[in-house]
Amino acid sequence: MKAAPEDQVILLDVQRLDNDVTRIAHRITSLQKGDQLTELGTKAAGLRSELVAATGLVEDAERELARLESDTATAQARVERDTTMLQNVSSSKDAAGLQNELESLQRRIGGLETAELEVMENLDGLRARVGDVEAQLADVEAARSGLVAERDAEIARLSSDRASAEQARADVAAKVPAELLALYDRQRARYGFGASLLQGGVSTASGVALNNSDLQDIRRAAPDDVVLCPDSDAILVRTAESGL
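Residues numbered from 1 in each chain as written. Predicted model: local features only at pLDDT ≥ 70, side-chain atom pairs only at ≥ 80, totals over all residues. Heavy atoms only, no water.

With an unreviewed UniProt entry as reference, the protein chain is termed CT398-like coiled coil hairpin domain-containing protein, source organism Curtobacterium citreum.

Written out as structure tokens, the structure reads:
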């Protein structure tokens, strides 16, 4: 293929702009995946599960405390009833029975009150744990919300940059003959680079210095010959910097 040297040089600008578009697209994809956001989301999910479990323990303890308080109230009501009956009973046998029941009830009430204190102490700790987990979850969700806002703003900026780069690429590519541009697009699609500057005997696309045999072949090529880089298969653009 033949193409004017000045048209081949334009391909370097097309390649640069394509590199910009690719770099921006990769950055957007990376932001969309959001490794840090994923980590915070996982942490938040774990804290929500922990909060459900901790809240369940609080509810269980509250139910246990309510049961103990109800049992205590029932026992105290029986004490009041038996005390009244003891004051009015005339039979010594009945009085002895009531007295025994009152002593049993007092022991029962003592046991219930001790259990209530233990449950209340445990409940205080469980409620504190719920508060701690809620605070941690709030911090994580706030951090995640902040990151989402930053990510969305950065993606919006990058999307604008990509659109500008794509437009600039289209404007520059329009200056390249169709056949030459088609070859550039094919090589870039296949190998990642469509054009490579030969600079000081080194192909910038591959970063490899060409050997003497390759350089001799390139020297023999006419200025308007389209030459492919033997290492990267990109169109090798020759300029005064090429060291030929």
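Structure shown, so let's carry the discussion forward.
Focus: the sheet that holds strand β5 (residues 235-238)
Strand pairs in the sheet, formed through backbone hydrogen bonds, run parallel or antiparallel to each other. Filter applied, for reference: Only strands joined by at least two bridges in the DSSP assignment are considered to pair. Under the scheme used here, helices are H or I runs from DSSP no shorter than 4 residues and strands are E runs no shorter than 2 residues, and both carry numbers assigned from the N terminus.
Taking strand neighbours across the sheet as the criterion, the five strands line up as β3-β2-β1-β5-β4 in an open arrangement whose pairing is mixed. Among the strands making up the open sheet, the edge pair consists of β3 (208-209) and β4 (227-228). Across two bridges, the pairing between strand β2 (residues 202-203) and β3 is antiparallel. The residue of β3 that forms the bridge with V202 is A209.

Focus: the UniProt feature "domain: CT398-like coiled coil hairpin" (unreviewed entry) in the protein chain
Applicable threshold: UniProt positions are given in the numbering used here, feature names are shortened, and annotations may be inferred rather than shown by experiment.
Mapped onto this numbering, the UniProt entry annotates "domain: CT398-like coiled coil hairpin" (unreviewed entry) at residues 14-192. Structurally, residues 14-192 comprises 95% helix and 0% strand, and the distance from its first C-alpha atom to its last is 13 Å.

Description of the pattern of salt bridges
The condition is simple: In what follows, salt bridge is the name for a side-chain nitrogen of Lys or Arg lying within 4 Å of a carboxyl oxygen of Asp or Glu. Buried means the residue's accessible area, taken with a 1.4 Å probe over protein chains only, is under 20% of the maximum for its type, while exposed means over 50%, and partly exposed covers the values in between.
Within this structure, the stated rule accounts for 23 salt bridges. A salt bridge links R129 to E50, with the shortest nitrogen-to-oxygen separation between them at 1.9 Å. In this pair, R129 sits in helix α3 (residues 92-173) while E50 sits in helix α2 (residues 35-88), placing the two residues 79 residues apart along the sequence. Given a relative accessible area of 30%, E50 falls into the partly exposed group. With a closest N to O distance of 3.4 Å, R81 and E101 form a salt bridge. A residue pair is termed long-range when its members are at least 10 positions apart, and R81 in helix α2 and E101 in helix α3 qualify at 20 residues. Judged by its relative accessible area of 24%, E101 is partly exposed. Each of the salt bridges in this network shares a partner with another, and the network as a whole consists of D13, R16, D20 and R23.

A word on the packing of helix α1 (residues 5-33) against α3
Rules: Axis geometry follows a simple rule: fit a line to the C-alpha atoms, using only the stretch in contact for helices, then measure angles between N-to-C directions, giving values from 0 to 180 degrees. Our angle categories are set so that under 35 degrees counts as roughly parallel, over 145 as roughly antiparallel, 65 to 115 as roughly perpendicular, and the remainder as oblique. Each crossing gets its hand from how the near helix is turned against the far one by less than a right angle, where anticlockwise is left-handed and clockwise is right-handed. The nonpolar class holds Ala, Val, Leu, Ile, Met, Phe, Trp, Tyr, Cys and Pro. Asp, Glu, Lys and Arg form the charged class, and all remaining residues, Gly among them, are polar.
Interhelical geometry of α1 versus α3 gives an angle of 160° and a closest axis separation of 9 Å. Between α1 and α3, the angle falls in the class roughly antiparallel. As α1 runs across α3, the sense of the crossing is left-handed. A breakdown of the residues in the contact of α1 with α3 according to their chemical character gives 14 nonpolar, two polar and 10 charged.

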